[in-house]
Amino acid sequence: MKLSHLNALRALEATLRHGSFSEAADELGITPAAVGQRVRSLEEYLGRELFTRTSTGVEPTDMAQGIGSLLTSGFSQIALALEKLSSGQSRNSLRVTLPESFAENWLAPVLSHFQLQYPEVELHLGATNRDLDLLVEDFDLAIRYGPASESQFEERVLFGDFIVPVCSPKFARRYSIEPSLRSLAGIPLLHVTHRTKDPGWVGFESWGKAFGFDPKHLSHGIRFTRTGSGLQAAAAGQGLALCGIVEAFGSLRDGRLVLPFGGALRHGTRYAYRLVWTSSRSEAEFRENFISWITEQSRTFQSELESFLTVGLEQRT
């Protein structure tokens, strides 16, 4: 059996599944140009085009579209073979891929509960902001912030999110920030850029416009590319940060951060945090235990968040 152009075939499969070179590149951890180059090399090898290039993107040919499911199934079978070859390493191993900020700010503080309940499990967390392909990567579960998963995956929605401004209690007092304020002039701002592809996610400019803030004072300040860095700076009293309540809740609950405008000025998002897995792979030991455990944790979180906003603990300044 002769099998060549595996990297090019992976690029083709990911592009067919996502519909663009850029989203395929995010999954594969390479640049869109590299994805396009791999697909082009495959086209040259086959002597035919697989995509029609347009000014707005790429469209697969009928032939390319017709083999998409075959490629996805094939790479899934390769993943299964690798899983079986490595199954002797540890029957107690569970591998989960998830976003970096979610791992640091939401999951890490509650992981001890899982380990107390299942001490025999070897839990491996792969924190990355790329959506790894569960059909070809060696992970049993994925936690993703995004839209509904494709049909070949099973999923459970954990919770949604909304965007709020946060700061330290001392910072709120120092700059006299209170719910009726509608100008951020002179207040240091902390922007988190490239946070997500969620079309419902907003920065200070859009958030301020939605709630009637003076538009002339919404773009100044420091910019971070990692949510964790922005939250740490806010907790240290360096500025007012705009972030997701999911990532900030631990610091809000223990008082390191507050909601200086109260809970009313929150902007809803469109995506949700989802637990994703594929039934095409053999069921990993303890996978169902983790699914049940994190589902219960998500319910507890939603209940605590609702109580937090209702009781008004965000006013602890």
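1. Observations concerning the overall build of the protein chain
Phase 1: On a plain count of helices and strands, the protein chain comes out with 12 helices and 12 strands.
Phase 2: Principal-axis analysis of the C-alpha atoms places the extent of the protein chain at approximately 70 × 55 × 25 Å.
Phase 3: Each of the 317 residues in the protein chain was classed as buried or not, and the buried ones make up 47%.
Phase 4: A separation of at least 24 residues holds for 79% of the contacts in the protein chain among residues at least 6 apart in sequence.
Phase 5: The protein chain carries 32 positive and 36 negative side-chain charges, and their two centres are separated by 5 Å.

2. A look at the side chain of Thr295
Phase 1: Note that Thr295 resides in helix α12 (residues 287–311).
Phase 2: The class of Thr295 is buried, set by a relative accessible area of 7%.
Phase 3: Within the local environment of Thr295, its side chain forms a polar contact with the backbone oxygen of Ile291, the two atoms lying 2.6 Å apart.

3. Section: the packing of helix α1 (residues 6–18) against helix α2 (residues 21–28)
Phase 1: Contact pair α1 / α2: the axes reach a minimum separation of 8 Å and the direction vectors enclose 120°. In terms of their interaxial angle, α1 and α2 are classed as oblique. The crossing of α1 and α2 is right-handed. Of α2, the residues touching α1 (which contributes Arg10, Ala11, Ala14, Thr15, Arg17 and His18) are Phe21, Glu23, Ala24, Glu27 and Leu28.

4. So, the pairing of strand β3 (residues 93–98)
Phase 1: Within β3, 5 of the 6 residues are buried, leaving the element largely enclosed by the surrounding structure.
Phase 2: Alignment of β3 against strand β4 (residues 122–127), held across 6 bridges, turns out to be parallel. By the bridge assignment, Arg95 is partnered in β4 with His124.

5. Quick word on the sheet that holds strand β7 (residues 162–166)
Across a sheet, strands are paired by hydrogen bonds formed along the backbone, either parallel or antiparallel in direction.
Phase 1: Across the sheet, which stays open at both edges, the 5 strands sit in the order β9-β8-β10-β7-β11 with mixed pairing between neighbours. If you trace the sheet from one side to the other, it starts and ends with β9 (222–224) and β11 (267–268), each paired once.
Phase 2: Contacting β7 and β10 (240–244), helix α11 (residues 245–253) crosses the sheet at an angle of about 120° to β10.

6. With respect to the packing of aromatic side chains
Phase 1: Throughout the structure, instances matching the rule amount to 23 aromatic pairs.
Phase 2: Ring centres 6.0 Å apart and planes at 75° place the aromatic pair Phe21 and Phe51 in the edge-to-face group. Here Phe21 is found in helix α2, whereas its partner Phe51 is found in strand β1 (residues 51–54), with 30 residues between them in sequence.
Phase 3: Each residue in the set Phe102, Trp106, Tyr145, Phe159, Trp201, Phe249, Tyr271, Tyr273, Phe301 and Phe308 is aromatic and connected to the rest through ring pairs, giving one cluster.
Phase 4: The aromatic ring of Phe162 is capped on one face by Arg266, whose charged end is 4.9 Å from the ring centroid.

Definitions and limits used
Think of each chain on its own: its residues are numbered from 1, step by step along the sequence as written. Side-chain atom pairs in this predicted model are given and counted only at pLDDT of 80 or more, local residue features only at pLDDT of at least 70, and totals for whole chains, interfaces and linings cover all residues. Side-chain numbers here rest on the full set of heavy atoms in the structure, without hydrogens or water. Comment: elements are numbered from the N terminus, with helices defined as DSSP H or I runs of at least four residues and strands as E runs of at least two. Here's how the labels work: a residue is buried when its accessible area is under 20% of the maximum for its type, exposed when over 50%, partly exposed in between, all with a 1.4 Å probe on protein chains only. Contacts are assigned to residue pairs with any non-hydrogen atoms lying within 4.5 Å of each other. In this tally Asp and Glu are treated as negative and Lys and Arg as positive; neither His nor the chain ends contributes. Throughout, a charge is located at the NZ atom of Lys, the CZ atom of Arg, the CG atom of Asp or the CD atom of Glu. Identification of polar contacts relies on pairs of N or O atoms within 3.5 Å, with a donor-acceptor requirement for protein atoms, meaning one able to donate a hydrogen and the other able to accept it, and with residues adjacent in sequence counted only if both atoms are side-chain atoms. With axes taken as lines fitted to C-alpha atoms, and helix axes fitted only over the stretch in contact, angles between N-to-C directions fall between 0 and 180 degrees. Should an angle lie under 35 degrees it is considered roughly parallel, over 145 roughly antiparallel, and from 65 to 115 roughly perpendicular; all remaining angles are considered oblique. A crossing counts as left-handed when the near helix is turned anticlockwise from the far one by less than a right angle, and as right-handed when that turn is clockwise. Only strands that DSSP links by at least two bridges are regarded as paired with each other. Two rings from Phe, Tyr or Trp (for Trp, the six-membered ring) form a pair when their centres sit within 6.5 Å of each other. Planes less than 30 degrees apart are called stacked, planes more than 60 degrees apart edge-to-face, and all others tilted. As a reminder, the over-ring test applies to NZ of lysine and CZ of arginine, requiring each to be within 6 Å of the ring centre and within 35 degrees of the ring normal.

Such coordinate-based values are descriptive only and should not be taken to indicate function.
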